[in-house]
Amino acid sequence: MERTLVILKPGCLQRGLIGEVISRFEKRGLKLVAMKMVQLDEEILKVHYAHLLDRPFFPWLRDGMMAAPVILCCWEGYSAVQVVRDMAGATKASKAVPGTIRGDYSLHTPHNVIHASDSDESAKREINLFFKEDEIIDWHDENAKWF
Ligand code: IDP
Ligand code: MG
């Protein structure tokens, strides 16, 4: 089964959208295998967003991601990376289609509610960056047969 990393960004916590967003993934049939609230720092953000370090908006992205705690979650399921990316919607908030998380809850790209891994390779790297091995729990999902 595939795993993907979702970060509920600081604005998601501040706006009281945590339950709403997590509920969407649960209802879709994804299995939550790890979750924690953390205050991110510059060091880890420079690794996580290494591909964006030289972009002009990086300082805003970094500060925005440190403006309040985030919720880190690891979701597992069939084709989890692509399914969660599709549920997140387009990076550019104003172009995100209604029905997607970004399309329903954001208008401006810096406030696009969640991060979602963009490939299986990134997912593995990001899950390793944010979670220790023993923080991921392979529990038995009694409802799996209904999904
Ligand atoms: P993604 O989050 O959809 O994978 P990335 O290109 O990896 O998109 O960018 C990471 C984050 O950086 C975005 O989610 C968004 O918050 C922010 N970002 C990306 N492009 C821009 C931009 O042009 N202006 C401001 N913020 C941006
Ligand atoms: Mg990305």
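Model, not experiment: these values are computed from the prediction. (Residues numbered from 1 in each chain as written. Chains lettered and ligands numbered in written order. Predicted model: local features only at pLDDT ≥ 70, side-chain atom pairs only at ≥ 80, totals over all residues. Heavy atoms only, no water.)

## A short note on the sheet that holds strand 1 (residues 2-8)
Working definition: the strands of a sheet are paired by backbone hydrogen bonds and lie parallel or antiparallel to each other. Under the convention used in this document: Paired strands are those between which DSSP finds at least two bridges. By the criteria applied, helices consist of DSSP H or I runs no shorter than four residues and strands consist of E runs no shorter than two, each listed in order from the N terminus. In this analysis an axis means a line fitted to C-alpha atoms, helices contributing only their contacting stretch, and an angle means the value between N-to-C directions, from 0 to 180 degrees. We call two residues in contact whenever any of their non-hydrogen atoms come within 4.5 Å of each other.
In space, the 4 strands of this open sheet follow the order 2-3-1-4, with antiparallel pairing throughout. Either end of the sheet is taken by a strand with one partner, and the two such strands are strand 2 (31-38) and strand 4 (114-116). Neighbouring strand axes in the sheet, compared pairwise and without regard to direction, differ in orientation by 20° on average. In the sheet, strand 1 pairs with strand 4 via 3 bridges, with the strands oriented antiparallel. Along strand 4, the bridge assignment pairs L8 with I114. Most of the contacts of helix 7 (residues 120-130) go to strand 1, to which it runs at about 60°, and overall it touches strand 1, strand 2, strand 3 (70-77) and strand 4.

## Points about the packing of aromatic side chains
This is how the line gets drawn: In this scheme Phe, Tyr and Trp rings, the latter by its six-membered ring, pair at centre separations within 6.5 Å, and the angle between planes marks the pair as stacked below 30 degrees, edge-to-face above 60, and tilted otherwise. Residue exposure (1.4 Å probe, protein chains only): buried if accessible area is under 20% of the type maximum, exposed if over 50%, otherwise partly exposed. Think of it as a cone above the ring: NZ of Lys or CZ of Arg counts as a charge over the ring if it is within 6 Å of the ring centre and within 35 degrees of the ring normal.
Scanning all chains against the criterion turns up 1 aromatic pair. Aromatic side chains F25 and W75 sit 5.3 Å apart centroid to centroid with 50° between the ring planes, which places their arrangement in the tilted category. Taken together, the positions of F25 in helix 2 (residues 18-28) and W75 in strand 3 put the pair 50 residues apart, joining distant regions of the chain. Residue F25 shares its accessibility class with W75, and that shared class is buried. The ring of W139 carries K31 above its face, with NZ or CZ at 5.3 Å from the centroid.

## Digging into the layout of surface pockets
Empty space among the atoms becomes visible once a probe the size of a water molecule is rolled across them. Stated formally: Think of a 1 Å grid over just the protein atoms. A cavity is a set of points where a 1.4 Å probe fits yet cannot get out, a pocket is an open set with protein on both sides within 12 Å along at least five of seven lines, and lining residues have an atom within 4 Å of a point. Grid points are joined across faces, edges and corners, and a volume is the space filled by probe spheres set on the points.
Approximately 720 Å³ is the volume attributed to the largest pocket. Surrounding the largest pocket, 29 residues form its lining, K9, Y49, L61, T109 and N112 being those nearest its centre. Mapped by element, the contributors of at least two residues to the lining of the largest pocket are helix 1 (10-14), helix 4 (58-65), strand 4 and helix 7. Broken down by element, the residue count for the lining of the largest pocket peaks at 4 residues, all from helix 4.

## Looking at empty space enclosed by the protein
As a reminder, the rule being used: Three categories are distinguished: nonpolar for Ala, Val, Leu, Ile, Met, Phe, Trp, Tyr, Cys and Pro, charged for Asp, Glu, Lys and Arg, and polar for the others, with Gly belonging to the last.
All told, the structure shown has 1 cavity of 30 Å³ or more when counted by the stated rule. Approximately 30 Å³ is the volume attributed to the largest cavity. Lining the largest cavity, in full, are V47, H48, R125, E126 and L129. Looking at the lining of the largest cavity, the elements with two or more residues in it are helix 3 (42-48) and helix 7. A per-element tally of the lining of the largest cavity places helix 7 first, with 3 residues. Its residues placed into classes, the lining of the largest cavity shows 2 nonpolar, 1 polar and 2 charged.

## Considerations on the pairing of strand 1
Most of strand 1 is tucked away, with 5 of its 7 residues classed as buried. One ladder, built from 7 bridges, connects strand 1 with strand 3; its direction is antiparallel. Within strand 3, the position partnered with L5 by the bridge is C74.

This is a description of form; function is not addressed.
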